[in-house]
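Structural characterization, general
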Amino acid sequence: SLLQEMSESKEKVLLLKAPNEDKSVDPYQEVLEKVGFEVNLIPVIQFNFVRSVELGEKLKSPSEYAAMVLTSKRAVEAVKNACPDQTLLDNWKGKPVYVVGQATSRAVQNLLGLSSVGAESGSAEVLATIIKDDLKDTGKILFPKGNLAKVKLIHIV
């Protein structure tokens, strides 16, 4: 019967996105499979950390900075990649680490062992206001970012 043929030959779906880093099933994949699709997850983006040595050198000198700003999980990963020595990262514990969003805040805690400020800000613009109010122009800010980071944050601060 036609119904039997349809159940035997599943429609195929290609999901073009990175797999979850915790190796859990992707929520889109899960939903599509539940309704009968055969799903293949294809990663389409590869991240390369550049200037890691330079970032590592900056991370060794927290006394030169008033704070650090991390606006994405990738930025947190870049810091961890540039400074795998936890004792060096621990030297940042006295400095504010500003973040946008809960996911970045969790990454800062889990990967760097640091506390963060601004997780509830929700946008670079709101975070910039928080930083400006907190720091009152008291020094340099370390802002490791990718080439797609919001320019507004830099201009406001």
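Placed above this text is the structure.
Notes on the structure in this doc start here. (Residues numbered from 1 in each chain as written. Predicted model: local features only at pLDDT ≥ 70, side-chain atom pairs only at ≥ 80, totals over all residues. Heavy atoms only, no water.)

1. Considerations on unusual backbone geometry
Here Arg 51, not a glycine, exhibits a phi torsion of approximately 60 degrees, which is positive. Tracing the sequence through the fold places Arg 51 in the loop between β2 (38–42) and α3 (52–59). (Helix = DSSP H or I, 4+ residues; strand = E, 2+ residues; numbered from the N terminus.)

2. Comments concerning a nonpolar patch on the surface
There is a patch of nonpolar side chains on the surface, built from Leu 14, Leu 16, Ile 42, Val 44, Ile 45 and Phe 47 and spanning about 600 Å² of accessible area. Note that Phe 47 resides in the loop between β2 and α3. The partly exposed category is assigned to Phe 47, whose relative accessible area is 45%. (Patch = residues over 30% accessible without salt bridge, like charges linked within 9 Å, V, L, I, M, F, W, Y side chains within 5 Å. Areas by Shrake-Rupley, 256 points an atom, 1.4 Å probe, with all protein chains shown as cover. Salt bridge = Lys/Arg side-chain N within 4 Å of Asp/Glu carboxyl O. Buried < 20%, exposed > 50% of the residue type's maximum accessible area, 1.4 Å probe, protein only.)

3. Observations concerning α3
Those residues of α3 not exposed but buried are Leu 55, Gly 56 and Leu 59. Buried residues in α3, looked at end-on, bunch into an arc of 105 degrees, giving them a common side. Buried positions along α3 lie against β3 (67–70), α4 (73–82), α5 (86–90) and β5 (141–142). (Arc of directions from axis to C-beta. Contact = heavy atoms within 4.5 Å.)

4. Quick notes on the side chain of Ser 105
Mapped onto the secondary structure, Ser 105 falls in helix α6 (residues 102–112). Leaving out residues up to four positions away in the same chain, Ser 105 has contacts with Val 99, Ser 116 and Ala 119.

5. Remarks on the pattern of salt bridges
In total, this model carries six salt bridges according to the counting rule given. Where Glu 64 meets Lys 140, a salt bridge forms, and the shortest distance between an N and an O atom there is 3.8 Å. Of this pair, Glu 64 sits in the loop between α3 and β3 while Lys 140 is found in the loop between α7 (124–135) and β5, placing the two residues 76 residues apart along the sequence. We classify Lys 140 as partly exposed; its relative accessible area is 47%. The closest approach of N and O atoms between Lys 93 and Asp 90, which form a salt bridge, is 3.5 Å.

6. Looking at the sheet that holds β5
Pairing in this open sheet of three strands is parallel, and the strands run β4-β3-β5 from one edge to the other. The open sheet terminates on both sides in strands that have one partner only, identified here as β4 (97–99) and β5. Bridge count between β3 and β4: three bridges; the pairing is parallel. Note on β4: the bridge partner recorded for Leu 70 is Val 99. Here α6 sits on the sheet and contacts β3 and β4; the angle it forms with β4, its principal contact strand, is near 140 degrees. (Pairing = 2+ DSSP bridges. Axes fitted to C-alpha atoms, helices over the stretch in contact; angles between N-to-C directions.)

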